[in-house]
Amino acid sequence: MSDLNTTIAQTRTAILERIAAAAKTGGRPAGAVTLVAVSKQQPEDRIDAMLSTGQRVFGENRVQEAEARWAHRRADVPDLELRLIGPLQTNKAEAACALIDVIETLDRERLAAALAKAMVKTGRRPRLYVQVNTGLEAQKSGIEPAQAAAFVERCRSEHSLQIEGLMCIPPEAEPASLHFALLRKLAGECGVEKLSMGMSADYPLAIRLGATSVRVGSALFGARPAS
Ligand SMILES: *Cc1c(COP(=O)(O)O)cnc(C)c1O
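Scoring rules and cut-offs
Residues numbered from 1 in each chain as written. Predicted model: local features only at pLDDT ≥ 70, side-chain atom pairs only at ≥ 80, totals over all residues. Heavy atoms only, no water. Helix = DSSP H or I, 4+ residues; strand = E, 2+ residues; numbered from the N terminus. Contact = heavy atoms within 4.5 Å. Areas by Shrake-Rupley, 256 points an atom, 1.4 Å probe, with all protein chains shown as cover. Lys, Arg positive; Asp, Glu negative; His and termini not counted. Charge placed at Lys NZ, Arg CZ, Asp CG, Glu CD. Near = heavy atom within 4 Å. Polar contact = N/O pair within 3.5 Å; in protein donor to acceptor, adjacent residues only side chain to side chain. Nonpolar A, V, L, I, M, F, W, Y, C, P; charged D, E, K, R; others polar. Expected span 1.5 Å × (residues − 1). Buried < 20%, exposed > 50% of the residue type's maximum accessible area, 1.4 Å probe, protein only. Phe/Tyr/Trp six-rings, centres within 6.5 Å; stacked < 30°, edge-to-face > 60°. Lys NZ or Arg CZ within 6 Å of the ring centre and 35° of its normal. Salt bridge = Lys/Arg side-chain N within 4 Å of Asp/Glu carboxyl O.

S.K.: Could you give an account of the overall build of the protein, with specific residues and numbers?
M.R.: What the protein contains, in helices and strands, is nine helices and eight strands. Here the C-alpha coordinates of the protein stretch approximately 50 × 40 × 35 Å along the principal axes. Contacts spanning at least 24 positions in sequence make up 61% of the contacts within the protein whose residues lie at least 6 apart. Accessible surface, the protein: about 10600 Å² in total, of which carbon and sulfur atoms supply 51%. Here the protein holds 29 positive side-chain charges and 26 negative ones, and the gap between their average locations is 2 Å.

S.K.: Tell me about the site of the ligand, residues and numbers included.
M.R.: Residues in contact with the ligand, as listed here, are Val38, Lys40, Ile85, Met167, Ile169, Met199, Ser200, Arg215, Val216, Gly217, Ser218 and Arg224. One of the side-chain N or O atoms of Ser200 is found 2.5 Å from an oxygen atom in the ligand. The side chain of Arg224 places a nitrogen or oxygen atom 2.8 Å from an oxygen atom of the ligand. Protein chains bury 88% of the 390 Å² of accessible surface belonging to the ligand in isolation. Residues that form the shell around the ligand fall into these classes: six nonpolar, three polar and three charged.

S.K.: Which residues make up helix H1 (residues 3–25), and what values do they have?
M.R.: The end-to-end C-alpha separation of H1 is 33 Å, in line with the 33 Å expected for 23 residues at 1.5 Å each. Three or more residues of H1 are buried, namely Ile8, Arg12, Ile15, Ile19, Ala22 and Ala23. Those residues of H1 hidden inside the fold are in contact with strand E1 (34–38), helix H2 (44–52), helix H8 (203–208), strand E8 (213–216) and helix H9 (218–221). Where H1 ends, the next residue or the one after it, Gly27, has phi of about 70°, a positive value.

S.K.: Can you lay out the packing of aromatic side chains for me, pointing to particular residues and giving the numbers?
M.R.: Applying the stated criterion across every chain, the model contains one aromatic pair. Between Phe58 and Trp70, the ring centres sit 4.6 Å apart and the planes meet at 45°, which makes this aromatic pair tilted. Here Phe58, found in strand E2 (residues 57–60), pairs with Trp70, found in helix H3 (residues 63–70); they are twelve residues apart in sequence, far enough to count as distant. Between the NZ or CZ atom of Arg73 and the centre of the ring of Trp70, over which it lies, the distance is 5.6 Å.

S.K.: Can you explain the side chain of Lys40? Please cite residues and give values.
M.R.: Within the element layout of this structure, Lys40 appears in the loop between E1 and H2. At 8.4 Å, Glu65 is the nearest oppositely charged side chain to Lys40, a buried residue that forms no salt bridge. Excluding anything up to four places from it in sequence, Lys40 contacts Gly59, Glu60, Asn61, Glu65, Arg69 and Arg224.

S.K.: Tell me about the pattern of salt bridges, residues and numbers included.
M.R.: The final tally for this structure, using the stated rule, is 17 salt bridges. Across the pair Glu109 and Arg154 runs a salt bridge, and its minimum N-O distance is 2.5 Å. Placement of Glu109 in helix H5 (residues 109–122) and of Arg154 in helix H6 (residues 148–159) is noted, with a sequence separation of 45 residues between them. On the basis of relative accessible area, Glu109 is assigned to the partly exposed category, the value being 29%. Within the structure, one salt-bridge network assembled from shared partners comprises Glu44, Asp48, Glu60, Glu65, Arg69 and Arg73.

S.K.: Can you tell me about the environment of Gly135, naming the residues and giving the values?
M.R.: Take Gly135: it is sitting in the loop between strand E5 (127–131) and H6. In sequence terms Gly135 and Gly123 are twelve residues apart; their C-alpha atoms lie 35 Å from each other. Leave out the neighbours within four places in its chain, and Gly135 touches Pro171 and His179.

In C-alpha cells:
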C-alpha cells in the first residue's frame, strides 16, 4: 500500500473507534451510527484511498461537483451511497435525484415540490432529511425550529414525500450541544428517526446526544486544499 492509503486507512480506523466508543457511552448499539465521509474539494487520490478502505458513504455539498467526482465511479462501486449536504437549488432537483441517494438539505416548500416532480421524472427516490436552522442564523439555510413539525407534515401530505430525518449545522460560536439536543427533541415532534449532526470538531459529542450519522471531512481526509 502507498503511504497515502496507509494514512487514510489508519485515520478512518481511529475515527470508527471513536464513533464506537461514543455510541457505547451514549448507550447505543454498535453500528448505530453511520460515518459519512465528506469528500467535497478533496483530491482524487484521497478519494480513491478512502474507497479502498471499504468506506462507501460519502457526502458532497454541490451537485455538479458530485457528478464530476462520482458519476464515473458508480459502475465500479455499486454499493456507493452519496449524500448531498449542501444547499440545493430547485433547478438542480432533477440532477440531484438522478445521482444522489440521500438529500440532507430539504429546507423549503418550493424545493419539496421540485423534488416530488423530479422523483417522478427520474424514477429515483432519494431518501430525505429536512435541514433545520437551529441557530436561526440569517446566512444559513434551514427551516426554523418552530416550523419544523408543520413542514415535515406538509412534505408528507402535500408532496407525498417520506422524510427520514433531520439535519443541522450549529453556529460556530455557540456550544454545539444545545443545538444537537434541540434537533433530537424536534425529531421526536416530527416523528422521524434519523439525526444527521456532528462534524470533525464535535462528532463524538453529537453521537452521545443521539446522532445516527456524522459528517466528517477534514479529520478523515486531511485539510481541504485551498480552492
Ligand atoms: C464541509 C461540511 C462538513 C465537514 O466538515 P469538516 O469540519 O471538514 O468535518 C460537514 N457538514 C457540512 C454541511 C459541510 O458543509
